[in-house]
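Overview (structure and organization)
The primary structure of each chain is shown beneath.
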Amino acid sequence: MTERSCLTIILAAGEGTRMKSDLVKVLHPVAGLPMVLHVANAAKEAGTSEIAVVIGRQAEAVERTLTDAGIAATFHEQTERLGTGHAVKAARSAIETGFDDVLVVFGDTPLLTPETIIGARAELAKGSDVVVVGFRTSDPTGYGRLLENGGKLLAIREEKEATDAEKKINFCNGGLMAFSGAILTQLLDEITNDNAKGEYYMTDAVEIANGKGLTVSAIEAPFEDALGVNSRIELAEAEAIWQQRKRNECLAAGVTMQAPETVWFYHDTEVGSDAVVEPHCVFSKGVRVASGARIRAFSHLEEAEVGEDAEIGPYARLRPGAKIGKTAKVGNFCEIKKAKVAKGAKVNHLTYVGDAIIGEGANIGAGTITCNYDGFNKHLTQIGAGAFIGSNSSLVAPVNIGDGAYVASGSVVTDDVADDAVAFGRARQTNKDGKAAELRKRFAEIKAAKSKG
Ligand code: UD1
Ligand code: MG
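This is a predicted model, so every value here is computed, not measured.

**Overview of the overall build of the protein**
A count of helices and strands for the protein gives 11 helices and 34 strands. Whereas a compact globule of 453 residues would reach a radius of gyration of roughly 22 Å, the protein reaches 31 Å, over 25% beyond that. The principal-axis extents of the C-alpha atoms in the protein amount to approximately 105 × 60 × 40 Å. Relative to its full complement of 453 residues, the protein shows a buried share of 49%. Considering only contacts within the protein whose residues lie at least 6 apart along the sequence, 44% involve residues at least 24 apart. Of the side-chain charges in the protein, 50 are positive and 60 negative, and the distance between the mean point of each set is 11 Å.

As structure tokens, this is what we get:
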């Protein structure tokens, strides 16, 4: 089948009025990735030869999003939004290049899988001229209904045109239509706007094809594949389903999650086998977790790498550029930003490490702060292998702490510390014997004088 050439037309021009948003609908993200990129990626994975994107509202932003993501496509502007059929007509020049298969997909169906696209193409390869991907739902409101007779697809009836009886049909148009390239332009020529909405419906192509004696068929896909996002409610539904799929993928790949329904992934999250992700963790973009690592409850990770058998959290925050080495530990209420924590190092409690390099096996005590910012520039803190930073120390960058060095608790370190040196950056303590009793007496007298007055 792969030798058949294929054009995928992504319709992404719609106004998306029901989103009530300043942002064009197809750029709203699911798992952090704009919906139109989910669709383009699925088309690529399904082996399409070319992609044509029909753009309209915020055309430039849609085009930039796709090209920045490395999607090679031609762009076709639909200047007025006169319906899905009108939108496909806008990509006519791409269709006329000549392809065996032409797929029409919507930029607002982010859960479409490559398998479903491949399924539609397989149907074309078997001899159908038009293939519609349908799905069944208990609430078909708003979708085009597939009218069948004896297993043959007769027509697609849009909600606005449907009779009460037709509205009861729960087999719906999922939006993916596949056409034999040879006949598509003829079908497009015959689509009119003679209907209740005054729009050019792409779905009319089915009746037109039947009128020409062409072979039209419907295949069924899971509901999720076809979920069309028209509102924020549906966007949240799509997100929930995407998350569910990703969780299952991770579980199947050997990741342990005790409460997977509480874990939130990004589209590009990578988690190795035998890693454990405890409840309520959130992955933002660009996170890689190696095998055997444990991400403990309530941690938030973004653009971070976690090495093998490392342990993060509970309640840890890894910000962009955090690179945590093998078996290293980042404990509760710690924030790590643009910093390398080498193998076996420990940053266990209430600590901020930013713009830093921490050597192997170093121990960073509770409440340590790298003072990396002077209001204008960021500066580097380097801590050597095996160094020990006493609790509640401030390391004022730029500063280097040598291998095996000690920093006394409560120090403010402004000067470099040599290898194996001990730094005291705090005042010496003095004790005054008996002074406490004297103080108590004095305070009691003051209180008594006040209550008299
Ligand atoms: C469409 C289908 C309906 C199907 C449903 C599945 C038609 C006439 N109806 O309805 O049968 O059940 O999708 O989700 O095809 N677009 C343009 N230009 C336009 C109009 C739309 O590019 O002039 C794009 C939109 O950006 C969107 C897609 O086409 O990505 C679908 O448009 P939408 O308005 O969401 O169609 P539905 O009413 O959902
Ligand atoms: Mg829609």
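**Comments concerning the coordination of the magnesium ion (ligand 2)**
In the first shell of the magnesium ion (ligand 2), the protein supplies Asp108 (OD) and Asn230 (OD1), at 2.4 to 2.6 Å from the metal. Pair noted here: Asp108 is in the loop between strand S6 (101–106) and helix H5 (114–125) and Asn230 is in the loop between helix H9 (223–226) and helix H10 (232–252), with a separation of 122 residues, a long-range link. You can call Asn230 buried: its relative accessible area is 19%.

**Regarding the site of ligand 1**
In the neighbourhood of ligand 1, 23 residues make up the surrounding shell, with Gly14, Gln78, Thr84, Glu158 and Asn173 lying closest. At 3.2 Å from an oxygen atom of ligand 1 is found a side-chain nitrogen or oxygen belonging to Asp108. Mapped by element, the contributors of at least two residues to the shell around ligand 1 are strand S1 (6–12) and helix H3 (84–90).

**Thoughts on the sheet that holds strand S16 (residues 294–295)**
Reading across the sheet, the 9 strands line up as S13-S16-S19-S22-S24-S26-S29-S32-S34 and stay open at both edges, with parallel pairing between neighbours. Taken across any chain shown, the strands that pair with only one partner, and hence form the sheet edges, are strand S13 (276–277) and strand S34 (422–423). Of the pairings in the sheet, the one linking strand S32 (residues 406–407) to S34 comprises 2 bridges and is parallel in character. Bridging from a neighbouring strand, Val407 pairs with Ala423 of S34.

**Observations concerning the nonpolar core**
Side chains of a nonpolar character, in soluble globular proteins, are inclined to be buried together. Counting residues in each nonpolar core, the largest one holds 62 residues, and the members touching the most others are Phe283, Leu318, Ile324, Ile336 and Ile401. Secondary-structure elements contributing two or more residues to this core are H10, strand S18 (304–306), strand S21 (322–324), strand S23 (335–341), strand S25 (352–358) and strand S31 (399–401). With 34 residues, the next largest nonpolar core counts Val88, Ala94, Ile156 and Leu184 among its residues.

**Considerations on a nonpolar patch on the surface**
Nonpolar side chains collect at one region of the surface, where Phe298, Tyr315, Phe333 and Leu350 lie side by side and expose about 420 Å² of accessible area between them. Its location among the elements puts Leu350 in the loop between strand S24 (346–349) and S25. When its relative accessible area of 52% is taken as the criterion, Leu350 is described as exposed.

**Regarding the pattern of salt bridges**
Inspection of every chain in the model, using the stated rule, returns 22 salt bridges. Among the salt bridges present, the one from Glu159 reaches Arg145, with a minimum N-O distance of 2.8 Å. Residue Glu159 is found in the loop between strand S9 (152–157) and helix H6 (164–167), and its partner Arg145 is found in strand S8 (residues 145–149); the two are separated by 14 residues along the sequence. Judged by relative accessible area, which is 2%, Arg145 ranks as buried. Between Glu335 and Arg319 there is a salt bridge, with the nearest N and O atoms lying 2.5 Å from each other. Remark: Arg319 occurs in the loop between strand S20 (317–318) and S21 and Glu335 occurs in strand S23; sequence separation between them is 16 residues. Judged by its relative accessible area of 24%, Glu335 is partly exposed. Residues participating in the shared-partner salt-bridge network are Glu278, Arg294, Arg296 and Glu311.

**Examining the environment of Ala218**
Position of Ala218 among the secondary structure elements: in strand S11 (residues 216–220). Using a relative accessible area of 22% as the deciding quantity, one classes Ala218 as partly exposed. Placed 45 residues apart in sequence, Ala218 and Asn173 show a C-alpha to C-alpha distance of 9.1 Å. Setting aside residues no more than four positions away along its own chain, Ala218 makes contact with Val132, Leu146, Glu148, Leu153 and Phe171.

**Topic: H5**
Turn by turn, an α-helix covers 3.6 residues, leaving residues three or four places apart pointing in a common direction. Taking 1.5 Å of rise per residue, 12 residues should cover 16 Å, and H5 covers 16 Å from first to last C-alpha, within 8% of that figure. Of all the positions in H5, only Pro114, Thr116, Ile117, Ala120, Arg121, Glu123 and Leu124 are classed as buried. Positioned one or two residues after H5, Gly127 has a phi angle of 125°, which is positive.

**Some points on the environment of Glu123**
By secondary structure assignment, the location of Glu123 is in helix H5. The buried category is assigned to Glu123, whose relative accessible area is 18%. Taking the C-alpha atoms as reference points, Glu123 and Ile51, separated by 72 residues in sequence, lie 20 Å from one another. Once residues lying within four places of it in the same chain are set aside, the contact partners of Glu123 are Ser128, Val131, Ser217 and Ile219.

**Topic: the packing of aromatic side chains**
Going through the model one piece at a time under the given rule, you end up with 6 aromatic pairs. Measuring from ring centre to ring centre gives 5.6 Å for Phe135 and Phe223, while their planes differ by 55°; the resulting arrangement is tilted. Of this pair, Phe135 sits in strand S7 (residues 130–136) while Phe223 sits in helix H9; the two residues are 88 residues apart in sequence, bridging distant segments of the chain. Judged by relative accessible area, Phe135 falls into the buried class, the value being 0%. Phe223 sits in the partly exposed class, given a relative accessible area of 24%. Between Phe388 and Tyr406, the aromatic rings sit 5.1 Å apart at their centres with planes inclined by 25°, giving stacked as the arrangement. With Phe388 in strand S29 (residues 388–389) and Tyr406 in strand S32, this pair connects stretches of sequence that are 18 residues apart. Taken together, the ring pairs in this structure connect Phe135, Tyr143 and Phe223 into an aromatic cluster. Here the guanidinium or amino end of Lys378 rests over the ring plane of Tyr373, the centre of that ring lying 4.9 Å away. The ring of Phe424 has Arg428 lying over it, and the distance from NZ or CZ to the ring centre is 5.2 Å.

Conventions we followed
The numbering scheme is per chain: residues are counted from 1 as the chain's sequence reads. Here the convention is simple: chains get letters from A, ligands get numbers from 1, in the order in which they are written. This being a predicted model, a pLDDT of at least 70 is required before a residue's local features are given, and a value of 80 or more before pairs of side-chain atoms are given or counted; all residues contribute to the totals for chains, interfaces and linings. Working from all heavy atoms in the structure, the side-chain values ignore hydrogens and water. Runs of E in the DSSP output that reach at least two residues are strands. Runs of H or I that reach at least four are helices, and both are numbered from the N terminus. Each radius of gyration is computed over the set of C-alpha atoms, and the globule rule expresses the reference value as 2.2 Å times the number of residues to the power 0.38. Here the term buried applies to any residue with accessible area under 20% of the maximum for its type, exposed to any over 50%, and partly exposed to those in between, with areas from a 1.4 Å probe on protein chains only. Note on contacts: a residue pair is in contact if any heavy atoms of the two residues lie within 4.5 Å. By the counting scheme adopted, Arg and Lys are positive, Glu and Asp are negative, and His together with the chain ends is not counted. All charge positions are set by atom: Lys at NZ, Arg at CZ, Asp at CG, Glu at CD. Metal-coordinating donors are taken as N, O and S atoms lying within 2.8 Å of the metal, or within 3.2 Å when the metal is Na, K or Ca; because water is left out, some sites can appear incomplete. We call a residue near a molecule or strand whenever a single non-hydrogen atom of that residue lies within 4 Å of it. Distance and chemistry together define a polar contact, namely a pair of N or O atoms within 3.5 Å, with one atom able to donate a hydrogen and the other to accept it when in protein, and with adjacent residues in sequence counting only for side-chain atoms on both sides. The pairing criterion is simple: DSSP has to find at least two bridges between the two strands. In this text, buried Ala, Val, Leu, Ile, Met, Phe, Trp, Tyr and Cys residues form a nonpolar core when linked through side-chain atoms within 4.5 Å. Patch definition: residues above 30% relative accessible area lacking any salt bridge, with like charges linked at up to 9 Å and the nonpolar side chains Val, Leu, Ile, Met, Phe, Trp and Tyr linked at up to 5 Å. The Shrake-Rupley method, run with a 1.4 Å probe sphere, supplies the accessible areas, and residue values consider only the shown protein chains as cover. Salt bridges are defined as contacts in which a side-chain nitrogen from Lys or Arg sits within 4 Å of a carboxyl oxygen from Asp or Glu. Every helix has an expected span of 1.5 Å times one less than the residues it contains. Under the pairing criterion, centres of Phe, Tyr and Trp rings, with the six-membered ring standing for Trp, must be within 6.5 Å; the plane angle then separates stacked pairs below 30 degrees from edge-to-face pairs above 60, leaving the rest tilted. We call a charge positioned over a ring when the NZ of a Lys or the CZ of an Arg lies within 6 Å of the ring centre and within 35 degrees of the ring normal.

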